[in-house]
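In case you want the letters, here they are:
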There are 2 protein chains.
Amino acid sequence: MPERPTQPKADLATRFRAGQVPALARAISIAEDQREGFEELLHELLKAGPSAGRVGFTGPPGAGKSSLLAHVANAYRDWDEGVGIVAVDPTSPYSGGALLGDRIRMNDLATDPGIFIRSMASRGSLGGLATTTKEVLDLMDAFGFERVLVETVGVGQTELEITAAADTVIVVLVPESGDAIQAMKAGLMEIADIFVVNKADRPGAARLAKEVRQALHLRAGHGMEDTTGHHGVDLTQVAREARPTATPAIDSAGWEIPVLETNALEGTGVEALMEAIEKHRAWLEQSGELDARRRDRARGRIRDVVEREMRRAAWSSTEVNDGLTAGVDRIAAGDATPYSVARELLALLLR
Amino acid sequence: MPERPTQPKADLATRFRAGQVPALARAISIAEDQREGFEELLHELLKAGPSAGRVGFTGPPGAGKSSLLAHVANAYRDWDEGVGIVAVDPTSPYSGGALLGDRIRMNDLATDPGIFIRSMASRGSLGGLATTTKEVLDLMDAFGFERVLVETVGVGQTELEITAAADTVIVVLVPESGDAIQAMKAGLMEIADIFVVNKADRPGAARLAKEVRQALHLRAGHGMEDTTGHHGVDLTQVAREARPTATPAIDSAGWEIPVLETNALEGTGVEALMEAIEKHRAWLEQSGELDARRRDRARGRIRDVVEREMRRAAWSSTEVNDGLTAGVDRIAAGDATPYSVARELLALLLR
């Protein structure tokens, strides 16, 4: 028996705009896998531009970021707001078991239909992960969640870059994770809008909070940028997506970075954190900083997409791949170097 | 009084080939800073192709890699061989103080004129570091050092990629750094030619060595690749530079990965390590694997250089940058997305 023609299924963009969660999940998968036509889809779905409040959490492993994020997500749910969450999953073998506990706590959120969680593996993407993760954040934003939360672990370039795609960046430290100088070296001072010292009941918490305040004060005053520079931190890629005004850690742009103390296990300090996030949001909007950050992010995204497409164009060309293979033979025979072969291939690629 | 015309100074390539160390240092700086014409210089200096024995050391922070490397370097010096060393300096704030001690031990080597050490910061280069570090290794090789040693810390993509530029990769573990399963997840099984369990006097060292042997055995036997896959380790970029035969952790290509125990502080086990390195070297040459690895590295280098030059071409073009700025305005006005702007810019760039 011949199949009856089915109704044409509403297209993905239509279902996405109608708020159908499976369409969001599918769009994310298409972006993650970079399937044929994914950039056309992103163009279509992201036309409206960003509108969600985006909050990023970063810090060392075991600092309790996921627990804090869960508290913040629950608070938004109490306000009846939809929450999209991206957890960039560390798979470092040296980060220990604390993460698993965090992840389980976060999974409690997954039963709430007003919350959508996506985990992404952080290893192995060589630059691609940061762009893809930002595209997933954009999709959640465009889907209509009022809040989009992202959590990254560690201070690699990828993590800093992702975190800078948030409007409000919360850096979570714990006494065990080292002192304020270390946080400064790691470039955390540059990206933090709010500092949280978690596990505030532990020895050293008050001292760490004090150190961070002093470091922020110093930085705002005189030349702590030098410290960072000497440690080889190059934040150009981060800056691409982040602060148009990178230096004013304190209030030169009008925002005074608060240093809060929390105990995420017991929920202590979460209310003050929510207030700080809202206050930062209001400041972003009033100061024009939100607009500036969004423009910088758009600039960064264009660059990311151009570079990704150039790579794709290069290595999907038969002519270029044939030249590559022939070039390896010539290098092995001593008749060329990678540099002379690359020059020939570039002549095939670039205008 | 007018200055007398000076003799034209011998050019950099001539001085480099004459074995003048300042010329090597200068060539490295030019490559690191990617100064005007650096790829032409590399083409000129690297024409002869690689000939040094390259040994890479990697593993978690505090495993004693630098101490081991110092022992190995000293052994080569006893054989009257020249040694070039590249230490990729971790600036992670969470790695603790052990590194400083290691670094100081390595500095003892710096007084030996037959040893040339270059440190490179590992943070902030966003993909650029791996390529540059490999270029520095090539320069040391071309300069004529019989041995070129490289040390990286950690298991990020960059570190794995750099390590894979060595002919012989030594993975150094310590009981404190976790078990063999963690090493496997981190992709260390794929890149190791020799395993070393250092600090072998500590509790758990023998057990760790046994676990590693079992894991290697399992891997060679049946399907441990799956474990790696499930943890999201994508070694495509590493494979680009590394093993033509990635799977045979044990002896399917004819090499049986030894698991040695050392105590770098006391020098115990260093002799066995030297023997293992020499044995691996002989195997590489006899099996044709050295040639295969060098071809794979040449292929990877061509790709790296092509991608670097495409990025440079894009962002040094006035037309493209003007289009970028105009594009950001149009996105802010809701008339474009990063994807539509990128498509326009790509049309300016690609053939």
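These numbers come from a predicted model, not from an experiment.

## What about the layout of surface pockets?
Thought 1: Space inside the second largest pocket adds up to approximately 580 Å³.
Thought 2: What lines the second largest pocket is a set of 28 residues, among which A:Leu46, A:Ala48, A:Gly49, A:Pro50 and B:Ile331 lie closest to the centre.
Thought 3: At the level of secondary structure, the elements contributing two or more residues to the lining of the second largest pocket comprise helix H1 (12-17), helix H6 (128-143) and helix H14 (289-315) of chain A together with helix H15 (318-332) of chain B.
Thought 4: Among the elements that take part in the lining of the second largest pocket, H14(A) stands out by supplying 6 residues, more than any other.

## Re unusual backbone geometry
All names here are of chain B.
Thought 1: Non-glycine residue Asp-80 carries a positive phi angle of around 70°.
Thought 2: Within the secondary structure, Asp-80 sits in the loop between helix H4 (65-78) and strand S2 (83-89).
Thought 3: Of note, the phi angle at Lys-199 is positive, near 55°, even though the residue is not glycine.
Thought 4: Along the polypeptide, Lys-199 turns up in the loop between strand S6 (194-197) and helix H10 (205-221).

## So, the packing of aromatic side chains
Thought 1: Within the structure shown, the criterion is met by 10 aromatic pairs over all chains.
Thought 2: A centroid spacing of 5.3 Å and a plane angle of 75° characterise the contact between A:Phe16 and A:Phe143, whose relative ring orientation is edge-to-face. You can see A:Phe16 sitting in helix H1 and its partner A:Phe143 sitting in helix H6, a full 127 residues away along the chain. For the residue pair A:Phe16 and A:Phe143, the accessibility class agrees, reading buried in each case.
Thought 3: For the pair B:Tyr76 and B:Trp79, a centre-to-centre distance of 5.5 Å together with 80° between the ring planes defines the contact as edge-to-face.
Thought 4: Overall, B:Tyr76 belongs to the buried group, its relative accessible area being 0%.
Thought 5: Judged by relative accessible area, which is 43%, B:Trp79 ranks as partly exposed.
Thought 6: Every member of this aromatic cluster is reached through a ring pair, and the members are A:Phe16, A:Phe116, A:Phe143 and A:Phe145.
Thought 7: Residue placement shows A:Arg303 over the ring face of B:Trp315; its charged tip is 4.4 Å from the ring centre.

## A short note on the sheet that holds strand S7 (residues 259-261) of chain A
Residue and element names in this part refer to chain A.
Thought 1: The sheet built from 7 strands is open, its strands ordered S3-S2-S4-S1-S5-S6-S7 with parallel pairing. Looking at the sheet topology across the chains shown, the edges are occupied by strand S3 (115-121) and S7. Within the sheet, the average angular offset between the axes of one strand and its neighbour, ignoring direction, is 20°.
Thought 2: As paired elements, strand S5 (residues 168-173) and strand S6 (residues 194-197) share 4 bridges and run parallel to each other. Within S6, the residue paired with Ile-170 across the bridge is Ile-194.
Thought 3: Along the sheet, H6 makes contact with strand S1 (53-58), strand S2 (83-89), S3 and strand S4 (147-151), crossing S2 at roughly 165°.

## Thoughts on the pairing of strand S1 (residues 53-58) of chain B
Residue and element names in this part refer to chain B.
Thought 1: Within S1, 6 of the 6 residues are buried, which leaves it mostly tucked inside the rest of the structure.
Thought 2: Judged by which residues are buried, S1 turns out to be covered on both faces: Gly-53, Val-55 and Phe-57 on one side and Arg-54, Gly-56 and Thr-58 on the other are all buried.
Thought 3: The pairing of S1 with strand S4 (residues 147-151) spans 5 bridges and is classified as parallel. Bridge pairing links Arg-54 to Val-148 in S4.

## Observations regarding the confidence of the model for chain A
Residue and element names in this part refer to chain A.
Thought 1: Of all residues in chain A, 80% attain a pLDDT of 70 or more, and the chain-wide mean is 83.
Thought 2: This model gives residues 92-101 a pLDDT under 50, and the stretch forms 12 contacts once residues within four places in sequence are excluded.
Thought 3: When the criterion is pLDDT under 50, residues 222-249 qualifies, and its contacts beyond four places in sequence or with other chains add up to 67 contacts.
Thought 4: Quick note on the complex model: pTM equals 0.81, ipTM equals 0.85.

Reading the values: the criteria
- Residues numbered from 1 in each chain as written.
- Chains lettered and ligands numbered in written order.
- Predicted model: local features only at pLDDT ≥ 70, side-chain atom pairs only at ≥ 80, totals over all residues.
- Heavy atoms only, no water.
- 1 Å grid on protein atoms, 1.4 Å probe; cavity = no way out; pocket = protein on both sides within 12 Å on 5 of 7 lines; lining within 4 Å.
- Points joined across faces, edges and corners; volume = space filled by probe spheres on them.
- Helix = DSSP H or I, 4+ residues; strand = E, 2+ residues; numbered from the N terminus.
- Phe/Tyr/Trp six-rings, centres within 6.5 Å; stacked < 30°, edge-to-face > 60°.
- Buried < 20%, exposed > 50% of the residue type's maximum accessible area, 1.4 Å probe, protein only.
- Lys NZ or Arg CZ within 6 Å of the ring centre and 35° of its normal.
- Pairing = 2+ DSSP bridges.
- Axes fitted to C-alpha atoms, helices over the stretch in contact; angles between N-to-C directions.
- Contact = heavy atoms within 4.5 Å.
- pLDDT = per-residue confidence, 0-100.

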